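Breakdown of the fold
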Amino acid sequence: MCKYGLVNRIIPFSCVDGPGNRSAVFFQGCEFRCAYCHNPETQNLCTSCGVCVSQCPTKALTMGDKGVLWNSELCCSCDQCLNVCPSHSSPKARWMSVDDIFQELQGALPFITGITISGGECTQYHQFAAKLFDRAHELGKTAFCDTNGQLPFREMPELTAVMDMAMLDVKAWNDERHRELTGKSNRIVLDNLNYLSEIGKLYEVRTVIVPGLLNNEETVEQVSRHLAHYPEIRYKLIKYRPWGVRPPLEVQPPSDQYMEQLRTLACENGANEVVLT
Ligand code: SF4
Ligand code: SF4
């Protein structure tokens, strides 16, 4: 189905999802199961189990013939439904058309430089995303893809052609560690790193730093060696924070000092621009 995409939520204004002031569209569903995922409610599709319905304090949720119905006008955004969902899903996800999305963004359009699609994993809707990006360009907006790299961009030519740039997570360089963290191999992720770099469509690589869980030094060293050949691509090192992580991880966020050590390591290995956040 490419007329519609299942949207978890839309943020009209964001300054952390790519360059400039952007609108961010988060899609529902992801094949990775990252232990540190801070928006686990985007991982799966709703199973219509009904658990969330009785927990909604404003009666914004009801059970219909085809599953849970969400009344946005009654919703107070307490997120209780997300907290109780046993399936890491959301009853608020909506199938939306390109028209629906731009209708919702109408008020924001005069003030943004572009849109970014994220998730979940936005490339699961790559045909729909290509149409969304076509419309963004017609309106004079840039189109960025925030991706975990689980699907090969080489095999999504429509999306790859129309997107301006991508931001790619490289969560772990070592395949075994990547499997432990996400449940999947990093083989396609690393191929996307090479491919998007070669075709000039990679704006940023991102690595979340989690001491005690990942071999951060190895990933930072290998990614920055790669980026030494592409000085136009920046490298963002993201401090692990426990917000939203379910179940909680038995690890502490990295210190500022450790983050600075990793920045130094990345620069020594040739990364041109390293950003800490
Ligand atoms: S966020 Fe969920 S639980 Fe809270 S009011 Fe809205 S639908 Fe109900
Ligand atoms: S959102 Fe979660 S709790 Fe609610 S019906 Fe769907 S699967 Fe069940």
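Residues numbered from 1 in each chain as written. Chains lettered and ligands numbered in written order. Predicted model: local features only at pLDDT ≥ 70, side-chain atom pairs only at ≥ 80, totals over all residues. Heavy atoms only, no water.

1. Notes on the site of ligand 2
Defined as follows: Near is defined per residue: the residue qualifies when any heavy atom it owns lies within 4 Å of the molecule or strand. Side-chain classes are defined by residue name, with Ala, Val, Leu, Ile, Met, Phe, Trp, Tyr, Cys and Pro counting as nonpolar, Asp, Glu, Lys and Arg as charged, and the others, Gly among them, as polar.
Taken together, 13 residues form the shell around ligand 2, and within it Cys 46, Cys 49, Gly 50, Cys 52 and Cys 85 come nearest. A breakdown of the residues in the shell around ligand 2 according to their chemical character gives 8 nonpolar, 5 polar and no charged.

2. Let's talk about the site of ligand 1
Neighbouring ligand 1 are 14 residues; Cys 56, Cys 75, Cys 78, Asp 79 and Cys 81 lie closest to it. Residue composition of the shell around ligand 1, by class: 9 nonpolar, 3 polar and 2 charged.

3. A short note on the sheet that holds strand β8 (residues 165–169)
The cut-off we apply is this: One requirement defines pairing of two strands: DSSP has to find at least two bridges between them. Helix numbering and strand numbering both begin at the N terminus, where a helix is a DSSP run of H or I of at least 4 residues and a strand a DSSP run of E of at least 2. Fitted lines through C-alpha atoms serve as axes, helices being fitted only where they are in contact, and the angles separating the N-to-C directions of these axes extend from 0 to 180 degrees. Residue contacts are defined here by distance: any two heavy atoms, one from each residue, within 4.5 Å place the two residues in contact.
Reading across the sheet, the 9 strands line up as β5-β1-β2-β6-β7-β8-β9-β10-β11 and stay open at both edges, with mixed pairing between neighbours. Each having just a single partner strand, β5 (94–96) and β11 (273–276) make up the two edges of the open sheet. Strand after strand, the sheet turns through a mean of 30 degrees between neighbouring axes, direction not considered. Each of β8 and β9 (202–209) touches helix α6 (residues 187–198); the most contacted strand, β8, lies at about 150 degrees to it. Contacts from helix α8 (residues 256–268) reach β9, β10 (234–239) and β11, with the element oriented near 160 degrees to β10.

4. What to know about helix α3 (residues 126–138)
Rules: By this rule, a helix spans an expected 1.5 Å times one less than how many residues it contains. Exposed residues in this analysis have more than 50% of their type's maximum accessible area, buried residues have under 20%, and partly exposed residues fall in between, with area computed by a 1.4 Å probe over protein chains only.
Under the 1.5 Å per step criterion, the end-to-end length of α3 is 18 Å for 13 residues, consistent within 8% with the ideal 18 Å. Burial in α3 covers these residues: Phe 128, Ala 129, Ala 130, Leu 132, Phe 133 and Ala 136.

5. Some points on the domain arrangement of the chain
Many authors give the size of an interface as the accessible area that is lost as the parts come together. So the rule is basically this: Domains are outlined according to an automatic or database domain assignment. Two parts placed together each lose some accessible area under a 1.4 Å probe, and the buried area is that loss summed for both. The term salt bridge refers to a side-chain nitrogen of Lys or Arg lying within 4 Å of a carboxyl oxygen of Asp or Glu. For this analysis, a polar contact is any N or O atom pair within 3.5 Å, provided that within protein one partner can donate a hydrogen and the other can accept it, and provided that sequence-adjacent residues contribute only side-chain to side-chain pairs.
Here the domain parsing of the chain yields domain 1 (5–42 + 93–276) and domain 2 (46–91). A C-alpha centroid distance of 28 Å is found between domain 1 and domain 2. At the interface, 8 residues of domain 1 touch 8 residues of domain 2. Buried area between domain 1 and domain 2, both sides added, is near 640 Å², and the carbon and sulfur share of it is 47%. Run the count over domain 1 and domain 2 and you get 0 salt bridges. The interface formed by domain 1 and domain 2 contains 1 residue pair in polar contact (both at pLDDT 80 or more). Its residues assigned to classes, the side of domain 1 that touches domain 2 comprises 2 nonpolar, 3 polar and 3 charged.

6. As for the packing of aromatic side chains
The test is simple: Two rings belonging to Phe, Tyr or Trp (six-membered ring only in the last case) form a pair when the distance between their centres is within 6.5 Å. Interplanar angles under 30 degrees mark stacking, angles over 60 mark edge-to-face geometry, and anything in between is tilted. Sitting over a ring, as applied to charges here, requires NZ of Lys or CZ of Arg to be within 6 Å of the ring centre and within 35 degrees of the ring normal.
Going through the model one piece at a time under the given rule, you end up with 5 aromatic pairs. With a centroid separation of 5.2 Å and 25 degrees between ring planes, the pair formed by Phe 27 and Tyr 125 is classed as stacked. Of this pair, Phe 27 sits in strand β2 (residues 22–27) while Tyr 125 sits in the loop between β6 (114–118) and α3, and the two are 98 residues apart along the sequence. Accessibility classification places Phe 27 together with Tyr 125 in one group, the buried group. A centroid spacing of 5.5 Å and a plane angle of 80 degrees characterise the contact between Phe 144 and Tyr 203, whose relative ring orientation is edge-to-face. Note that Phe 144 is positioned in strand β7 (residues 142–147) and Tyr 203 in strand β9, a separation of 59 residues in sequence. With respect to class, Phe 144 is no different from Tyr 203; both count as buried. Feature note: the residues Phe 27, Trp 95, Tyr 125 and Phe 128 constitute an aromatic cluster, connected by ring pairs. Seen from the ring of Phe 26, Arg 9 lies directly overhead, with NZ or CZ sitting 4.3 Å from the centre. The ring of Phe 144 carries the charged tip of Arg 22 above its face, separated from the ring centre by 4.4 Å.

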